[in-house]
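Descriptive analysis of the structure
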Amino acid sequence: MRLRECLREGWRNVASGTSRATLLAATLGLLLVALSVADGAAVARLDAQAQAYRASGAAIRVATAQKAINPDACDALSSVEGIESAGALREASPLSLAALGGLTVPAFEVTQGLLRVVGASHAETPGAFVSETLAARWSVEPGDTIATDRGAFTIAGVYPYTERDGRDPRFANAVLLPALAAGRFDACLAEVWPSTSSRDGLLRGTADGTDGKPGGASVSLLNQSFGTTWEGSAEFEARVTRFAPVAAAVLGAVLGVGAVVRRRLEFSAALHVGVRASRLAVIVGTESAIWAVAAASGALSAAAVVGAFLSRGTLATTLTASALTCAAGALAAVGGAVAAVGTLRESRLFRHFKNRA
């Protein structure tokens, strides 16, 4: 048989239903979807943990040195790889609110970088920033004015902050006042992501030293409830579902071999009438390639939909892993089927005939 005829024969076997291509494609597709979704769910879970870690402020490291922090050096840390944002603050005199019977609230003077660290909303006008907790309690929103013992302040924006998750509670009920980077500050806050202590030396360096030596700022975490570092990368590498491509390859190979073994009588008869084993391998390879590629394509599409539903932030990672899993399953299925052809023998024709179902 010519190569072209072998390819056409493989296509006819698929089209006529002889190869049970639909059943095989559906079986392989379901297996690949299950493996891909399991891995995607594991990745999405890790991403959710990472987002919760960052949202809690656990990735924010605080260098403290009373009246010794250089605000310019602190804000400049945001340009360092691995530091998302950085800013300085210093304690200011509490504000007395006339509308609340002289109630005093803590106040801090901060740099623009600090506002980015706490995730303050973009300010349309200059003024003070309050936490969402205070904004709700006082029924104020950006643009409103509050009267204090130091004059009226416009609410320039709000920032999300809670004291219920273990973070430093001072900023939950405080007013942040943007200040010119003049003089020295008390603390430098920096969001380090992925969270690691490797940037602590840079944080300490924002404090004034003596005799040309670095400052002696102490470094702590804004929220110590989640540990000192984030081990997400290690957990990602250690996840059980990382073996999904291996499992897909094994299952695909088993399915490919099974597809050939089921038709061993048919194939032994083909060898008996003179079809060469190499040509038979081309026919089987064509058949298995059609249903395996169809299964992998469908599985990858389904995994993409489920991955987008689980977590859009990890969609690229999920798709890459799913593509590897689907490719491994499809290639192993074709390889298993073609390899199984090599085990067929014309001499076993009559044995297969006697043992047929």
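Everything below is about the structure shown above.
Below is a summary of the structure that appears in this document. Every value quoted in this text rests on a predicted model; they were computed, and no experiment measured them.

**Brief notes about the state of the cysteines**
Applying the stated criterion to the full structure yields one disulfide. Disulfide partner of Cys74: Cys188, at an S-S distance of 2.0 Å. Residues Cys74 and Cys188 are joined by a disulfide whose S-S torsion is about 90 degrees; by sign, that bridge is right-handed. Within this pair, whereas Cys74 is found in helix α3 (residues 71-76), its partner Cys188 is found in strand β8 (residues 185-192), the two being separated by 114 residues in sequence. In this structure, Cys74 and Cys188 share a single accessibility class: buried.

**Overview of the pattern of salt bridges**
What the rule picks out here adds up to seven salt bridges. Across the pair Arg184 and Asp208 runs a salt bridge, and its minimum N-O distance is 2.8 Å. Remark: Asp208 occurs in the loop between α6 (200-204) and β9 (218-221) and Arg184 occurs in the loop between β7 (175-178) and β8; sequence separation between them is 24 residues.

**A closer look at the packing of aromatic side chains**
If you walk through the whole model with that rule in mind, you get five aromatic pairs. Taking 5.9 Å as the distance between ring centres and 40 degrees as the angle between the ring planes, the aromatic pair formed by Tyr53 and Trp193 counts as tilted. Pair noted here: Tyr53 is in helix α2 (residues 21-55) and Trp193 is in the loop between β8 and α6, with a separation of 140 residues, a long-range link. Tyr53 sits in the buried class, given a relative accessible area of 2%. Note on Tyr159 and Tyr161: the rings are 6.3 Å apart at their centroids and 75 degrees apart in plane angle, and the pair reads as edge-to-face. As far as burial versus exposure is concerned, Tyr159 and Tyr161 are alike and both buried. What links up through ring pairs into an aromatic cluster is the set Phe108, Tyr159, Tyr161 and Phe171.

Criteria and cut-off values
Residues numbered from 1 in each chain as written. Predicted model: local features only at pLDDT ≥ 70, side-chain atom pairs only at ≥ 80, totals over all residues. Heavy atoms only, no water. Disulfide = S-S within 2.5 Å. Helix = DSSP H or I, 4+ residues; strand = E, 2+ residues; numbered from the N terminus. Buried < 20%, exposed > 50% of the residue type's maximum accessible area, 1.4 Å probe, protein only. Salt bridge = Lys/Arg side-chain N within 4 Å of Asp/Glu carboxyl O. Phe/Tyr/Trp six-rings, centres within 6.5 Å; stacked < 30°, edge-to-face > 60°.

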